[in-house]
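Spelled out from the first residue to the last, the chains are:
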Amino acid sequence: MSDYGSYTERDAFNEALCNLVEEYLQDKDAYPADTVLAINSKTMEIELGTQTDFVTNWETYPIQSLIRNNEDNSGKEADIDATHELASSYFFVR
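In this report, the structure presented in the accompanying data block is examined. (Residues numbered from 1 in each chain as written. Predicted model: local features only at pLDDT ≥ 70, side-chain atom pairs only at ≥ 80, totals over all residues. Heavy atoms only, no water.)

1. So, the overall build of the protein chain
Next up, step 1: Broken down by element type, the protein chain carries two helices and five strands.
Next up, step 2: Ordering the α and β elements of the protein chain from the N terminus gives α-β-β-β-β-β-α.
Next up, step 3: Relative to the compact-globule value of 12 Å for 94 residues, the protein chain shows a C-alpha radius of gyration of 14 Å, a close match.
Next up, step 4: If you line up the protein chain on its principal axes, its C-alpha atoms span 40 × 35 × 15 Å.
Next up, step 5: Classification of the 94 residues of the protein chain by burial places 37% in the buried group. (Helix = DSSP H or I, 4+ residues; strand = E, 2+ residues; numbered from the N terminus. Rg over C-alpha atoms; globule rule 2.2 N^0.38 Å. Buried < 20%, exposed > 50% of the residue type's maximum accessible area, 1.4 Å probe, protein only.)

Below is the structure:
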C-alpha cells in the first residue's frame, strides 16, 4: 500500500464500511452485543465479530460508533460521517 490512495479507493472503502454496517442493522439480533467492525490493516479486509475474534493486523471499532438515528428518529442507519472518517484514516488522499 502506498502512502497515498485515490479518492476512488477511499470512497469504495467507505461504501464497503457503510454496507457492512447496514448488513449488521438488517439482522442485528444475529450478532452478539459486543460486536465490533474489524479492519485488517495489511489486506484492508473488513469483518464483523467480537474483539476476541481478531488478532494481529486487525484494528477493531465498536459497531455502535458507526451507527446513528435516521433523520426522523424512526430507526438506525450507518453514520456516513463516521464511516467516511474511518475510511479516510486508511486512505490518505492528496
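2. A few points about the pattern of salt bridges
Next up, step 1: Across all of its chains, the model carries four salt bridges by this definition.
Next up, step 2: Its salt-bridge partner being Arg10, residue Asp11 comes within 3.1 Å of it at the nearest N-O pair.
Next up, step 3: Of the charged contacts, one joins Asp79 and Arg68 as a salt bridge, the two residues approaching to 3.4 Å between their closest N and O atoms. Of this pair, Asp79 sits in the loop between β5 (76-78) and α2 (80-90) while Arg68 is found in strand β4 (residues 67-69), placing the two residues eleven residues apart along the sequence.
Next up, step 4: Note on Arg68: relative accessible area 26%, which makes it partly exposed.
Next up, step 5: Salt bridges sharing partners connect three or more residues here, namely Arg68, Glu77, Asp79 and Asp81. (Salt bridge = Lys/Arg side-chain N within 4 Å of Asp/Glu carboxyl O.)

3. Things to note about α2
Next up, step 1: Every buried residue of α2 is listed here: Ala82, Thr83, Leu86, Ala87 and Tyr90. Summarising the axial view, the buried residues of α2 lie within an arc of 135°, below the 170-degree limit, and thus occupy one face. Away from the buried face of α2 by more than 90 degrees, exposed residues Asp81 and Glu85 are located.
Next up, step 2: Where α2 is buried, its residues contact α1 (7-26), β1 (35-40) and β3 (58-62).
Next up, step 3: The opening residue of α2, the one whose side-chain oxygen lies 3.1 Å from the backbone nitrogen of Asp81, is Asp79. (Arc of directions from axis to C-beta. Contact = heavy atoms within 4.5 Å. Polar contact = N/O pair within 3.5 Å; in protein donor to acceptor, adjacent residues only side chain to side chain.)

4. Concerning the side chain of Thr35
Next up, step 1: Following the sequence through the fold, Thr35 ends up in strand β1.
Next up, step 2: Look at Thr35 and you get buried, because its relative accessible area is 3%.
Next up, step 3: A polar contact of 2.5 Å, which involves the side chain of Thr35, links it to the backbone oxygen of Pro32.
Next up, step 4: Those residues in contact with Thr35 that sit more than four places away from it in its chain are Tyr24, Leu48, Gly49, Pro62 and Ile63.

5. What about the nonpolar core?
Next up, step 1: Phe13, Leu17, Val21, Leu37 and Ile39 are the most contacted members of the largest nonpolar core, which has 21 residues in total.
Next up, step 2: Those elements that provide at least two residues to this core are α1, β1, β2 (46-50) and α2.
Next up, step 3: If one sorts the elements of this core by residue count, α1 sits on top with seven residues.
Next up, step 4: Dropping the residues within four chain positions of it, Ile39 is found in contact with Phe13, Leu17, Glu45, Ile46, Asn57, Trp58, Glu59, Tyr61, Leu86 and Tyr90. (Core = buried A, V, L, I, M, F, W, Y, C linked by side-chain atoms within 4.5 Å.)

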